[in-house]
Amino acid sequence: MTSDGRGDAELPSAVGSNALNGPALLRWGRVCLEGLEQRREEINALNVFPIADADTGTNMLATMRAAMQAAEAAMAAALSAAAVSSTYEVAAAMARGATLGARGNSGIILSQVLRGIAEAVRHGLLTADTLRAALATASALVRESLSVPVEGTILTVLDRASDCAAACPDPVLAEVAVAAADGAAKALGDTPAQLGVLREAGVVDAGARGLVVLLDSLVAVTLGQTPDRPQYVRGEFAASQAHVERRDMDVVAVHDGSPSRGGAESQGSVECQGGLEFRNGAEPRNSAEPHFEVMYLLSDTDNRRIARLRDRLAELGDSVVVVGDGAGSWSAHVHCADAGAAVEAGIATGTLSAIRIESFAITAQPFAPAWTDHDGRADRGVLAVVAGDGAAALFEAGGAVVLGGDGTVTSAALLGAIRQLPNREVLVLPNGALPAHELVAVGVAARDAHRDVLLLPSGSMVQGLAALAVHDCGRIAVDDAFAMSEAAAATRWGSLRAATERALTMVGTCDAGDGLGLVGHDVVVIDRDVPTAGRTLLDRMLAFGGELVTLLMGAAAPAELAAELAAHIADGFPGIEVSVYSGGQHADLVQIGVE
């Protein structure tokens, strides 16, 4: 309720300098999306810590998209009931959507910024006072989720934004937003002096750069103008040695998993220190180098069990973050060498869903932009035909340009996408989207005096990922294409589907709802139970051996299916590594690759 007793639903869309209601908060979210989209490549290029996998911008954008989808659904539901969503209802929907759809460490932290706003506007609009409370709450929520903070990360910048907002005496929301954004930008510029790996690369922290985008977007919505920030590029942020030595002495004390906000020198200062729980390159927490990023959602649990999970994940690896949405759902993240143990820890804590396991062997490949040729690398681009948002993000993280969509991809669309690329050499991963004769025709039409096009034999997205993992612009085009083709051919692939109708297959008749296991394009397994069909399919595919199994989970896959299939592989085929990704494709419940 407002001070005069009216609810938010009775107010006009308050887009102004002094207050935001629900519709206005939704507008802020859209501006954030635009800003993250515009800055995605810049943020990705800054990503060197904790893993140089160049996906922080992509992860924050994907998380914000999930937040906005949830908020817009809530707004649509309210409108259908002839109502207007309150500020809290919109903010809570954004926080929940971000928590459930969080990608990476940066996405989880972003979800807590949104949760901080939701907590602050529970009883009214977003004003100067509630913005101060929101930033303070967000900082506290993130700290509760971590155990070993490191200086020079997004939390350091979030702390500074909160402190500057608190120190601003102005009662106008826009002015407090400006103070927070400018304070965050100043702290962003200081991050290389606080963290050695940033200093060595000459970059600012990538996640913190994304946070500044969010705060600048709030300034744009409330003040009507966007702050002018530089483009942050590598090599421009080396700190002087004296400044570095002084800041390196401000270490963060950690006792019983509870971080202080800085050393004695920084106590009481508005420039408080802090950071995320990430692996410190100088003092790794575990002897085993992390090979996997593991994320999953949890429900049917409580704070006590969540605390135990956080401690257990810290024993298994680093970069541990476990956060809640305030409504009973939690998101967990860890970098570790034993992905199975991390999943088992989650199973012991509550009900798991949306399990996602990514191998740094794929996501941490040092791909250079296709147009980079100043260091002798070829002017070569990779175009991948992809179905599903999750799969698209994987290929983009690997350096490919994506032609996406779950519908039919036509020869004309593929030819148009090739011609739009600026590269002289183009490698195409069709991933089974078109028959061979159409691909040959596209290749012939796309080649000219200014462009060479090579179409690679990837019959599925899992084969395409295997090929992309060995892509190297340092080789000549034919050698690069040969290595990628060899990697694709070495990957046996299959898929698990649910039959949509009664049909005759090469192994018998199936009924609607039956589980179908395919190797390549041929049905080899029919079972009334879909998970059983998946297990039988894996047995058939692994009978010939294998070292790595990739499970690309579809949009309609049951939440527990990934864990069941991964456990079946672990039990029946010990020693085989399993990588699980959220693909989001609609045709297959699971795409399976065996290398």
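In short, a report on the structure. Counting of residues starts from 1 at the beginning of each chain's written sequence and follows it residue by residue. Where totals are concerned, whole chains, interfaces and linings use all residues; where local detail is concerned, this predicted model gives features only for residues with pLDDT of at least 70, and gives and counts side-chain atom pairs only at 80 or more. Each side-chain value is worked out from all heavy atoms of the structure, with water and hydrogens disregarded.

With that out of the way, let us pick up the overall build of the protein. What the protein contains, in helices and strands, is 20 helices and 18 strands. Burial status follows relative accessibility: with a 1.4 Å probe on protein chains alone, a residue under 20% of its type maximum counts as buried, one over 50% as exposed, and anything between as partly exposed. Across the 595 residues of the protein, 56% fall into the buried class. Residues are treated as being in contact if the distance between any of their heavy atoms lies within 4.5 Å. Contacts in the protein between residues at least 24 apart in sequence constitute 72% of all its contacts with a sequence separation of at least 6. For the protein, the accessible surface area stands at approximately 23800 Å², while carbon and sulfur atoms represent 53% of it. The helix and strand labels rest on DSSP assignments: H or I over at least four residues marks a helix, E over at least two residues marks a strand, and numbering proceeds from the N terminus. Computed with a 1.4 Å probe, the accessible areas rest on the Shrake-Rupley method; for each residue, only the protein chains presented here act as cover.

Another point: the sheet that holds strand E18 (residues 590-594). Taken together, six strands build an open sheet; the order of strands is E15-E14-E11-E18-E16-E17 and the sheet is mixed. Across the chains shown, the open sheet's two edge strands, defined by having one partner strand only, are strand E15 (522-527) and strand E17 (577-582). Neighbouring strand axes in the sheet, compared pairwise and without regard to direction, differ in orientation by 20° on average. Across five bridges, the pairing between strand E16 (residues 548-553) and E18 is antiparallel. Bridged to Met553 within E18 is Val590. Every axis corresponds to a line fitted to the C-alpha atoms, with the helix fit spanning only the stretch in contact, and the corresponding angles, defined between N-to-C directions, vary from 0 to 180 degrees. Strands strand E11 (492-498), E16, E17 and E18 of the sheet are contacted by helix H20 (residues 561-572), whose axis makes an angle of about 170° with E16. At least two bridges found by DSSP between two strands are what make those strands a pair.

The working definition used for a salt bridge is a side-chain nitrogen of Lys or Arg within 4 Å of a carboxyl oxygen of Asp or Glu. One pass over the structure, following the stated rule, counts 26 salt bridges. Here Arg502 makes a salt bridge to Asp511, at a shortest N to O gap of 2.5 Å. Residue Glu564 pairs with Arg535 through a salt bridge whose shortest N-O separation is 3.8 Å. Remark: Arg535 occurs in helix H19 (residues 530-542) and Glu564 occurs in helix H20; sequence separation between them is 29 residues. Put simply, Arg380, Arg424, Glu425, Arg475 and Asp480 are held in one network by salt bridges that share partners.

Here we come to the sheet that holds strand E9 (residues 425-429). If you trace the four strands from one edge of the open sheet to the other, you get E8-E7-E9-E10, paired in parallel fashion. Each edge of the open sheet is held by one strand with a lone partner, namely strand E8 (401-404) and strand E10 (452-455). Adjacent strand axes in the sheet meet at a mean angle of 20°, parallel and antiparallel pairs treated alike. Inspection of the sheet shows strand E7 (residues 380-386) paired to E9 by five bridges, in the parallel sense. Bridged to Gly381 within E9 is Val426. Against the sheet, helix H18 (residues 477-489) touches E7, E9 and E10, its axis set at about 10° to E9.

Now for the layout of surface pockets. The space that makes up the largest pocket amounts to roughly 1200 Å³. We place a 1 Å grid over just the protein atoms. Points where a 1.4 Å probe fits but has no way out form a cavity, open points with protein on both sides within 12 Å along at least 5 of 7 lines form a pocket, and any residue with an atom within 4 Å of a point lines it. Along its surface, the largest pocket is lined by 44 residues, and Gly101, Arg103, Asp389, Gly390 and Ser582 are the ones closest to its centre. Of all the elements in the fold, those that place two or more residues in the lining of the largest pocket are helix H1 (22-46), helix H2 (56-80), helix H3 (87-100), strand E3 (292-299), strand E6 (351-359), helix H14 (389-397), E8 and E17. Gly is placed with the polar residues, together with every amino acid not listed as nonpolar (Ala, Val, Leu, Ile, Met, Phe, Trp, Tyr, Cys and Pro) or charged (Asp, Glu, Lys and Arg). Classifying every residue of the lining of the largest pocket by side-chain character gives 22 nonpolar, 13 polar and nine charged. Grid points are joined across faces, edges and corners, and a volume is the space filled by probe spheres set on the points.

With that settled, consider the nonpolar core. To form a nonpolar core, buried Ala, Val, Leu, Ile, Met, Phe, Trp, Tyr and Cys residues must be joined to one another through side-chain atoms within 4.5 Å. In terms of nonpolar packing, the biggest core is built from 77 residues, with Trp28, Met94 and Leu114 touching the most fellow members. The biggest single contributor to this core is helix H9 (residues 206-223), with 10 residues. Beyond its immediate sequence surroundings of up to four residues, Leu114 is in contact with Trp28, Met64, Ala67, Ala91, Met94, Ala95 and Ala98. Judged by nonpolar contacts, the second largest core, of 48 residues, contains Phe292, Ala314, Leu542 and Val578.

Positive phi, normally seen in glycine, also occurs at Ala354, with a value near 50°. Along the chain, Ala354 turns up in strand E6.

Quick look at empty space enclosed by the protein now. This model, assessed by the stated rule, comprises five cavities of 30 Å³ or more. Quantified by volume, the largest cavity comes out at close to 200 Å³. Along the wall of the largest cavity there are 20 residues; nearest its centre are Phe49, Pro50, Thr56, Asn105 and Ser106. At the level of secondary structure, the elements contributing two or more residues to the lining of the largest cavity comprise H2, helix H4 (104-120), H9 and strand E5 (330-336). Sorting elements by how many residues they give to the lining of the largest cavity places H4 first, with three residues. Its residues placed into classes, the lining of the largest cavity shows seven nonpolar, nine polar and four charged. Residue lining of the second largest cavity: Trp28, Val113, Ile117, Leu131, Ala134, Leu135, Ala138, Leu211, Leu214, Leu215 and Leu218, and that is the complete set.

So, about the environment of Ala400. Along the polypeptide, Ala400 turns up in the loop between H14 and E8. On the basis of relative accessibility, which here comes to 7%, the residue Ala400 falls in the buried class. Considering only alpha carbons, one finds Ala400 and Leu427, 27 residues apart in sequence, at a separation of 9.4 Å.

Any functional reading would require information that these geometric values do not contain.
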